[in-house]
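A look at the structure
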Amino acid sequence: MLLHTTDVGRGDKTALLLHGLMGSTESWWRVIPLLVDRGYRVLAMDLPGHGLSPRDPDLTVAKAAASVAATLRETHPQRPLHALGHSYGATVLAAAAIDADVTVYIDSALSFTGGHDRAQFTARYESDRRNRQSTDWLRSTRPFYTARDAEVEARAAARFDPATSASISCGDDVTLMPERGAVLVHAEPSNWVTDDDKRRFAAHGVSVRGIRSAAHTVWYSHFDEFTAAVPEVFGQYS
């Protein structure tokens, strides 16, 4: 499966962006222009069942990762390649084992709990989808959202396929280890990354960086702090 990809910028290095659950390529709307200004060609992909990418009622994390890898091969990215994944997208990125020069995982323990009831999780995702299509609901539950943040996330929810993500929730548990030298940027405190995760990742040679009081979607609530936390990606290109 090839994924819908936003491909912008003509720089001589590449940034691969993978959004979180129920997001889309538009979730990176503030990040993409900054990367282009920093000299990147940006490849932002809609994961299966999200945005304008195909649906798959039998999706697994491994299949999603294979789709990312196949789409990346089709785009012929320039080197160096820097890859960023948020939450569920970070887990897919880890499973894809992309040969990136810099890999950044955002507020993710790189794990996914499976074994759930398909009908129950399809209904749960459908309920979340309905709520998130309301910009008023989004801004009342996420006061740090700008009007545009709410618009793009409401549009992402409208395009989200509950059955595709429910398939992953009904499959096997997934637990992955980031590669040595990777970067983990997490909210502090985080509902997704535990202290044990941080210690385990750090012991494996991962640079663990917290942003105090940030939301799960770190760059929405703390954009400047997020970009400053990853100078390997957002620093001036020389």
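What counts and how
- Residues numbered from 1 in each chain as written.
- Predicted model: local features only at pLDDT ≥ 70, side-chain atom pairs only at ≥ 80, totals over all residues.
- Heavy atoms only, no water.
- Core = buried A, V, L, I, M, F, W, Y, C linked by side-chain atoms within 4.5 Å.
- Buried < 20%, exposed > 50% of the residue type's maximum accessible area, 1.4 Å probe, protein only.
- Helix = DSSP H or I, 4+ residues; strand = E, 2+ residues; numbered from the N terminus.
- Contact = heavy atoms within 4.5 Å.

**Some words on the nonpolar core**
Residues Leu 16, Val 68, Tyr 88, Ile 98 and Tyr 105 are the most contacted members of the largest nonpolar core, which totals 38 residues. Breaking this core down by element, the ones donating at least two residues are strand E2 (13-18), strand E3 (40-45), helix H2 (61-75), strand E4 (81-86), helix H3 (88-96), helix H4 (118-132) and helix H7 (162-169). Leaving out residues up to four positions away in the same chain, Val 68 has contacts with Leu 3, Leu 16, Leu 18, Met 45, Leu 47 and Val 92. Core analysis: the next-biggest nonpolar cluster, separate from the first, contains 33 residues, Ile 32, Leu 84, Ala 154 and Phe 226 among them.

**Thoughts on unusual backbone geometry**
The amide bond that connects Arg 79 to the next residue, Pro 80, takes the cis arrangement and shows omega of 0°. Each neighbour pair has its own omega, and for Glu 188 with Pro 189 the value is 5°, a cis peptide bond. Tracing the chain through its elements places Pro 189 in the loop between strand E8 (183-188) and helix H8 (195-203). A positive phi angle, near 55°, is found at Ser 87, a position not held by glycine. Mapped onto the fold, Ser 87 is located in the loop between E4 and H3. For Leu 110, which is not glycine, the phi torsion reads 60° and is therefore positive. Considering the arrangement of structural elements, one finds Leu 110 in the loop between strand E5 (102-106) and strand E6 (111-112). Residue classification places Leu 110 among the buried positions, given a relative accessible area of 0%.

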